[in-house]
Amino acid sequence: MSDINIEDLQVQGKLADNERLKRESNFLRGTIAEELNDQITGGFSADNFQLIRFHGMYQQDDRDIRAERAKQKLEPLHTVMLRARLPGGIIQPKQWLGIDQFAEDKTIYGSIRLTTRQTFQFHGVLKRNMKLMHQTLNDMGIDSIATAGDVNRNVLCTSNPIESEVHAEAYQWATKISKHLLPKTNAYAEIWLNGEKAVTTEEPILGSTYLPRKFKTTVAIPPLNDVDVHANDLNFIAIAEGGKLIGFNVLVGGGLAMTHGDTATYPRKATDFGFIPLEATLDVAAAVVTTQRDLGNRVNRKNAKTKYTLERVGADVFKAEVESRASIKFEDSRPYEFTERGDRFGWVEGIDGKHHLTLFIENGRILDFPNKPLKTGMRKIAEIHQGDFRMTANQNLVIAGVPAEQKDVIEQLAREHGLLDDDTSNQRKSSMACVAFPTCPLAMAEAERMLPSFVTDIEGILAKHGAPEESIITRVTGCPNGCGRAMLAEIGLVGKGPGKYNLYLGGTHNGERIPRLHKENISDSEILSIIDELVGRWLQERDGAERFGDFVVRSGIIAPVVDSAKDFHDVGAIPA
Amino acid sequence: MQLNGLTSPLTDQQLSLLQQALAGMSPLQISWVSGYLAALSQTGVSTGEAPVAAAPAADSAKLTILYGSQTGNAEGVAKQLKEKADAAGVAADVFSMGDYKPNKLKNEKLLAIVASTHGEGEPPDDAEELHGFLVGKKAPKLDGARYSVLGLGDSSYEFFCQTGKDFDERLGKLGAESFVPRVDCDVDYDDAVAEWIDKVVAEAKSLTSVAATPVAAATAAAPAASQFNKKNPYNASLLTNQKITGRDSIKDIRHIEIDLEGSGLQYQPGDALGVWFQNDEALVDELLSLVKADGGTDVDGKSLRQALIEDYELTLSYPGFIKAVAEATGEKGLAELAADAGKLRDYIADRQIIDIVRDYPLELTVEQLTGALRKMAPRLYSIASSQAEVDEEVHLTVGVVRYDAHGQEHMGGASGFLSERLEEGGDVKVFIEHNNNFRLPENPETPIVMIGPGTGVAPFRAFMQQREADGIEGNSWMFFGNPHFTQDFLYQVEWQSYLKSGVLGRMDVAWSRDQAEKVYVQHRIVEQGAELYQWLEKGAHVYVCGDANHMAKDVHQALQTVIQQHGGKSEEDAQQYLTDLRKAKRYQRDVY
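As annotated in an unreviewed UniProt entry, chain B carries the name Sulfite reductase [NADPH] flavoprotein alpha-component and comes from Neiella marina. Reading the Pathway (unreviewed entry) entry of the UniProt record for chain B gives the comment "Sulfur metabolism; hydrogen sulfide biosynthesis; hydrogen sulfide from sulfite (NADPH route): step 1/1." Per UniProt, chain B carries the Catalytic activity (unreviewed entry) text "hydrogen sulfide + 3 NADP(+) + 3 H2O = sulfite + 3 NADPH + 4 H(+)".

Per an unreviewed UniProt entry, chain A goes by the name Sulfite reductase [NADPH] hemoprotein beta-component and belongs to Neiella marina. According to the UniProt record, the Sequence similarities (unreviewed entry) comment for chain A reads "Belongs to the nitrite and sulfite reductase 4Fe-4S domain family." Among the UniProt annotations of chain A, the heading Pathway (unreviewed entry) holds the following wording: "Sulfur metabolism; hydrogen sulfide biosynthesis; hydrogen sulfide from sulfite (NADPH route): step 1/1."

Take a look at the structure:
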């Protein structure tokens, strides 16, 4: 420990109710097991409703029919969403076939949803199928421990199949970090897998009341910032020399969540603490987590994330504490550059001679759509594929490690099932949305369901201004929690109410600047007319290959966010 | 309205007492009291004095009326007979077969039997024991006894009036002699019943040597009946028609609320509501056009078209219609069908009257048509509300009958009327059908076990409302089942709230199609057998409501299994245990 006094740096006051329920949960057990046997409701009562998140599930309901069911004297159509733990998003074909089958047989929506946490989600699982779900996954070597709740969640890793050796090493670290930071309680196995009951007496890293708030970790391999490091609490930027990984730059305290109308909340970029050698990785990871565990705000959950802790205690104080706990000194950051965030669609050949096909999956939703049987196509590919699949943080999918002789058959299957379409525009490939309606309980406005037609409108605008090949990173998120990472987009829409969004502009192409509010609470048609005008100006006045997000800042349409803790809530444009 | 001493015949003190008594009463309570006082004034008995019972006449000179009743129709007929007999000076006693000791039968000289049939030719619950006794070895010789049987049934079922036929046959075989030939009544039984009663009373009068003095009905303590009844239904209005199964349900079940305000109609949990429905006008018009009859023709003071809408049965078909049309027209195919009972039954199984006419579009005169058609019978629905909760409303849980057959969509008569054709605010003619065989225990401490899958849930919603109003907590156990948890959990949020508040002690549910193997309430009953048996031993009352053909039998078997397994009883003893429960009115069924 450093010579700081932890207590002096803690926020005093009445603890948030979530602290009580974590403390009383007997290491995440609560009364989940008892409530699974309650046949009268498909839902969970208040504490267990929260606790199942630590086991990777959210209670949701079909919001489209909530009012209808109330009239029918039926409770909301409660289901759970499960988010799997797949560090780095790698899944084997055999596992894919298993999740495909479960989604088909036992989920209301019959889909596999790839998400921005580089994993898959099942949506619409009834309570009576929850144990079966975990047991099915467990049999395939997959779990969902700590993919939600106040813990370190699924660890992301850049999907970079070209430099496969560095990727392989980085992926190993993502897996190790994930495992190192997992809860040690046996609750998951006891409740879901009929595991033996064991007494849990401590959580050495997470602590008996776990973390103050959710915690997100990535391993990023420059120049690709597909994981969006600034959306995460803890980031390990891979530094390689001669094709070998030698260590990481550590970035701490990023995060995008905020609360409408609460200026004490804001998105924040991660702070660069410096370089560490590989062998310090797990100790540093644990030190950042335990420092946040002890210093994070447990009184006000809206200010509980690592980014607020850094702002409150000072990044240097936080860093010194991490150094003290990990017994290391951060070296100066090694140089690196992020140039891209998007996935590299189509075929690429890795340095090991294997081939990789990246598929664009709109909204990450793998389902048999009319004329686009994506799910069937993926199943057929999984039946013959010899490599693995890699889900990307952009909700897309890489068919990785294809030997040359299988390229044709896999490409043909992909084309036949609408998984590969040469007509998909760059704009569509640069657009992303969270799930939102009808299942997400937090959604204030549509996201996934409005995105396809919204993108079509933007495509129309680009074509109208003579630049159909151009793209603008466009992201829609249904609420300010920000799963859709709109707070790092060039055009960001944050749901405000049904059909209404806050429009943010001025993020960069590589995800290193937070956008600023341009217009509040406007309809998508108002948004489109603003975009129409600004895109027209951009294409007329741009400086060379200048990106849209840079143009709106340079031209004074929007003032750049420089230090979001101080200037994010300042109003819009620079006076002309 | 203001009471004052000048306009009333009461003393000031009486007036003040009356005003005090009325002050805290609800309109419903006042209505009850008014009925009570009206009855009191008619019988001329003042409170505090019990009505004087007539001296019992000699048994030999007495008519014994036994009824076996499931829904109360046979009971009603038996009581009508008793009234007419009393009025004619024929001494008569009336008993439910369930309350009548079979071994008394050998002493009877003059016997009238009123028995309904339900399901597939089965006797009603309260007739089971006597029915079994008569066909068994212990049946006595009945030489010298005279009897008459009235059977109630529904000719759309294969074993029409079977129970009545059984009694007739057995009594005859045991040596008794019929004094008025058996009458088998269909659902529109009023005229046939009246005729039978008149004959029985007349014959009985001549057969009994000692005439008793007529006795006035002494029913002072009962609440006054509303002026509305089956013959004179109340024209109520539909308040709410709400589907209560989910959008993906394979069932369409409606929660119906009907306004009784101002009718004075009163009911208790367990009662049924009789609904006089209207046939689908489109169906009537098609029928008229197919038989080439003029809808404007006058029939009993209204147009034929209106009569077909209001007075005739068009949705349930019955062999009599085919026979009558065959006779009237001489159509060969129909005549052949009418001659073969088996074929006929198969043919009408899923055909409504309109289907028959579509198959055989024959020209019929108005007289031929109305002669062939059966009079409409009102449909009875178990009431799903308690007036303690809903005051002057009545709620029903209606399963909508809707199916495709012979290339057309079909709807049930009453359920189609209530769910599709009647608009909210529209008129519906209703009456209360009391059912004293389905009543909450008098003692609030007595535990209750409610078994009501599907629309059988209805009376238990009424029970819960009543117990909540009465402040009774717990000691109640509900078994419910339906195809799917997410779609078919009728009144789910209400059950959740009763469980939470403690009005309902526990609930077990069975979702038949939520897993590979079918699971029904009877499986839950057996699973929970140990505790259920304890409840029975503690004196619990068991109520079963819903489907008669399968569910009620399976539940009965399950209860028997529970009693065998957990009471360590033989099959026979377990049967006896259930019989005893039934006789003690602790096992009550409302099945259809």
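Engineer: Any chance you could break down the interface of chain B and chain A for me, citing the residues and the numbers?
Structural biologist: At the junction of the two partners, chain B supplies 22 residues and chain A supplies 15 residues. Between chain B and chain A lies a buried interface of about 1600 Å² when both sides are counted; carbon and sulfur atoms form 55% of it. If you sort the residues of chain B by the area they bury against chain A, B:Arg247, B:Phe485 and B:Thr486 come out on top, with a joint share of 29%. Counting across the chain B and chain A interface gives three salt bridges. A salt bridge links A:Arg128 to B:Asp514, with the nearest nitrogen and oxygen atoms 3.1 Å apart. At the boundary of chain B and chain A, one finds ten residue pairs in polar contact (both at pLDDT 80 or more). Elements with a contribution of two residues or more to the side of chain B that touches chain A: β6 (234-243), α17 (485-488), α18 (492-501) and β18 (506-511) of chain B.

Engineer: Describe in detail a negative patch on the surface, supporting the description with residues and values.
Structural biologist: Residues and elements named next belong to chain B. A grouping of Glu120, Glu158, Asp340 and Asp346 is seen on the molecular surface, where their side chains present a negatively charged patch. As for its position among the elements, glutamate 120 is in the loop between β3 (110-116) and α4 (128-135). In this structure glutamate 120 comes out as partly exposed when scored by relative accessible area, which is 48%.

Engineer: Outline the UniProt feature "binding site: [4Fe-4S] cluster" (unreviewed entry) in chain A, supporting the account with residue identities and numerical values.
Structural biologist: Residues and elements named next belong to chain A. Here the UniProt feature "binding site: [4Fe-4S] cluster" (unreviewed entry) sits at Cys434, Cys440, Cys479 and Cys483. The largest pairwise C-alpha distance within this set of annotated residues, which runs over 50 residues, is 10.9 Å, so the set is compact in three dimensions. In this fold, cysteine 434 is placed in the loop between β18 (431-433) and α16 (451-464). Apart from the residues lying within four places of it in its own chain, the contact partners of cysteine 434 are Arg113, Ala447, Glu448, Val476, Thr477, Gly478, Cys483 and Gly484. Tracing the backbone shows cysteine 479 in the loop between β19 (474-477) and β20 (491-497).

Engineer: Before we move on, could you go through the UniProt feature "domain: Nitrite/sulphite reductase 4Fe-4S" (unreviewed entry) in chain A and cite the residues and values that matter?
Structural biologist: UniProt records the feature "domain: Nitrite/sulphite reductase 4Fe-4S" (unreviewed entry) at residues 173-329 of chain A, using the numbering of this structure. A helix fraction of 31% and a strand fraction of 18% characterise residues 173-329 of chain A, whose end C-alpha atoms lie 20 Å from each other.

Engineer: Go over the sheet that holds strand β6 (residues 156-157) of chain A, please, and point to the residues and values.
Structural biologist: Residues and elements named next belong to chain A. Across the sheet, which stays open at both edges, the five strands sit in the order β6-β7-β8-β9-β10 with mixed pairing between neighbours. Strands at the two margins of the open sheet, each flanked by one partner only, are β6 and β10 (271-277). Lying on the sheet, helix α10 (residues 281-295) is in contact with β8 (234-241), β9 (244-252) and β10; it crosses β8 at an angle near 160°. The strands touched by helix α12 (residues 315-326) within the sheet are β9 and β10, with β10 carrying the most contacts at an inclination of about 20°.

Engineer: Residue-level account of the packing of helix α8 (residues 164-180) of chain A against α10(A), with values.
Structural biologist: Residue and element names in this part refer to chain A. At their nearest, the axes of α8 and α10 sit 10 Å apart, and the two run at 45° to each other. One way to sum up the angle between α8 and α10 is to call them oblique. Crossing angle aside, the handedness with which α8 passes α10 is right-handed. Taken together, the residues of α10 that come into contact with α8 (itself represented by Trp173, Lys176, Ile177 and His180) are Thr281, Leu282, Ala285 and Ala286.

Engineer: A description of the pairing of strand β1 (residues 63-68) of chain B should follow, citing residues and the corresponding values.
Structural biologist: Residue and element names in this part refer to chain B. Buried residues dominate β1, accounting for six of its six residues. The alternating pattern of β1 places Leu63, Ile65 and Tyr67 and Thr64, Leu66 and Gly68 on opposite faces, both of which are buried. Strand direction decides the pairing type here: β1 and strand β2 (residues 92-96), joined by five bridges, are parallel. The residue bridging tyrosine 67 from the neighbouring strand is serine 96, located in β2.

Engineer: Which residues make up the pattern of salt bridges, and what values do they have?
Structural biologist: As enumerated under the stated definition, the model contains 74 salt bridges over all chains in all. Linking A:Arg475 and A:Asp228 is a salt bridge whose minimum nitrogen-to-oxygen distance equals 2.6 Å. Taken as a pair, A:Arg475 in strand β19 and A:Asp228 in the loop between β7 (217-220) and β8 lie far apart in primary sequence, 247 residues in all. The residues A:Arg475 and A:Asp228 share a single accessibility class, namely buried. Residues B:Glu75 and B:Lys79 are paired through a salt bridge, measuring 2.7 Å at the closest nitrogen-oxygen approach. You can see B:Glu75 and its partner B:Lys79 sitting in helix α3 (residues 73-87), four residues apart, about one turn around the helix. Within this structure, A:Glu19, A:Lys22, A:Asp150, A:Arg298 and A:Arg301 form a network of salt bridges that share partners.

Engineer: Please provide a residue-by-residue account of the packing of α4(B) against helix α5 (residues 162-173) of chain B, values included.
Structural biologist: Residues and elements named next belong to chain B. Packing of α4 against α5 leaves a shortest axis separation of 10 Å and a crossing angle of 35°. Where α4 crosses over α5, the two elements pack in a sense that is left-handed. Where α4 abuts α5, its residues Leu130, His131, Leu134 and Val135 lie against Thr163, Asp166, Phe167, Arg170 and Leu171. Looking at the contact of α4 with α5 residue by residue, the classes come out as five nonpolar, two polar and two charged.

Engineer: Which residues make up the packing of aromatic side chains, and what values do they have?
Structural biologist: Following the criterion strictly, the structure yields 32 aromatic pairs over all chains and no others. Site record: aromatic cluster; members linked through ring pairs are B:Phe438, B:Phe460, B:Phe463 and B:Tyr543. The cationic tip of A:Lys127 hangs over the ring face of A:Phe44; the distance from NZ or CZ to the ring centre is 5.4 Å.

Engineer: Talk me through the sheet that holds strand β5 (residues 120-125) of chain A; I want residue IDs and the actual numbers.
Structural biologist: All names here are of chain A. Judged by pairing direction, the sheet is antiparallel, and its five strands sit side by side in the order β1-β2-β5-β4-β13 without closing on themselves. Each edge of the open sheet is held by one strand with a lone partner, namely β1 (57-61) and β13 (365-366). Alignment of strand β2 (residues 78-83) against β5, held across three bridges, turns out to be antiparallel. What sits directly across from arginine 83, in β5, is glutamine 121. Together, β1 and β2 form the strand contacts of helix α4 (residues 46-54), whose direction differs from that of β1 by roughly 130°. With respect to the sheet, helix α6 (residues 93-106) is in contact with β4 (112-114), β5 and β13, its orientation differing from that of β5 by roughly 20°.

Engineer: Requested: an account of the nonpolar core, with residues and values cited.
Structural biologist: All names here are of chain A. Core analysis: the largest hydrophobic core is formed by 98 residues, its most contacted members being Trp96, Ile99, Phe120, Phe122, Phe236, Val284 and Leu359. Of all the elements, α10 adds the most residues to this core, at seven residues. Residue contributions to this core reach at least three from each of two domains, namely domain 1 (1-35 + 148-341) and domain 2 (346-424). With residues up to four places along the chain from it excluded, the contact list for isoleucine 99 reads Ile91, Ile112, Phe120, Phe122, Leu137, Met140 and Ile142. Counting residues in each nonpolar core, the second largest holds 38 residues, with Ala436, Ile491, Val535 and Ile558 among its members.

Engineer: Can you lay out the pairing of β19(A) for me, pointing to particular residues and giving the numbers?
Structural biologist: All names here are of chain A. Side chains Thr474 and Val476 of β19 all project onto a buried face; the interleaved residues Arg475 and Thr477 project onto the opposite face, where all are buried too. Relative to β19, β18 runs parallel, the two being bridged by three bridges. Note that in β19 the partner of methionine 432 across the bridge is arginine 475. Running through α16, the crossover from β18 to the neighbouring parallel element β19 is left-handed. Note: β19 against β20, four bridges, orientation parallel. When the sheet's bridge partners are listed, threonine 477 is paired in β20 with valine 494.

Engineer: Please provide a residue-by-residue account of unusual backbone geometry, values included.
Structural biologist: A cis amide bond, omega 10°, links A:Pro222 with the succeeding residue A:Pro223. As for its placement among the helices and strands, A:Pro223 is situated in the loop between β7 and β8. In this model, A:Phe437 is joined to A:Pro438 through a cis peptide bond whose omega is 0°. In this structure, A:Asn26 takes a positive phi of about 55° despite not being glycine. Even without being a glycine, B:Asp300 presents a positive backbone phi close to 45°. A residue is classified by how much of its surface remains accessible, and B:Asp300, at 70% relative accessible area, is exposed.

What counts and what doesn't
- Residues numbered from 1 in each chain as written.
- Chains lettered and ligands numbered in written order.
- Predicted model: local features only at pLDDT ≥ 70, side-chain atom pairs only at ≥ 80, totals over all residues.
- Heavy atoms only, no water.
- UniProt positions renumbered as here; feature names shortened; annotations may be inferred.
- Contact = heavy atoms within 4.5 Å.
- Buried area = accessible area lost by both parts, 1.4 Å probe.
- Salt bridge = Lys/Arg side-chain N within 4 Å of Asp/Glu carboxyl O.
- Polar contact = N/O pair within 3.5 Å; in protein donor to acceptor, adjacent residues only side chain to side chain.
- Helix = DSSP H or I, 4+ residues; strand = E, 2+ residues; numbered from the N terminus.
- Patch = residues over 30% accessible without salt bridge, like charges linked within 9 Å, V, L, I, M, F, W, Y side chains within 5 Å.
- Areas by Shrake-Rupley, 256 points an atom, 1.4 Å probe, with all protein chains shown as cover.
- Lys, Arg positive; Asp, Glu negative; His and termini not counted.
- Charge placed at Lys NZ, Arg CZ, Asp CG, Glu CD.
- Buried < 20%, exposed > 50% of the residue type's maximum accessible area, 1.4 Å probe, protein only.
- Pairing = 2+ DSSP bridges.
- Axes fitted to C-alpha atoms, helices over the stretch in contact; angles between N-to-C directions.
- Parallel < 35°, antiparallel > 145°, perpendicular 65-115°, else oblique.
- Left-handed = near helix turned anticlockwise from the far one by under 90°.
- Nonpolar A, V, L, I, M, F, W, Y, C, P; charged D, E, K, R; others polar.
- Phe/Tyr/Trp six-rings, centres within 6.5 Å; stacked < 30°, edge-to-face > 60°.
- Lys NZ or Arg CZ within 6 Å of the ring centre and 35° of its normal.
- Core = buried A, V, L, I, M, F, W, Y, C linked by side-chain atoms within 4.5 Å.
- Domains from an automatic or database assignment.
- Right-handed = clockwise from strand over helix to strand, strands pointing away.

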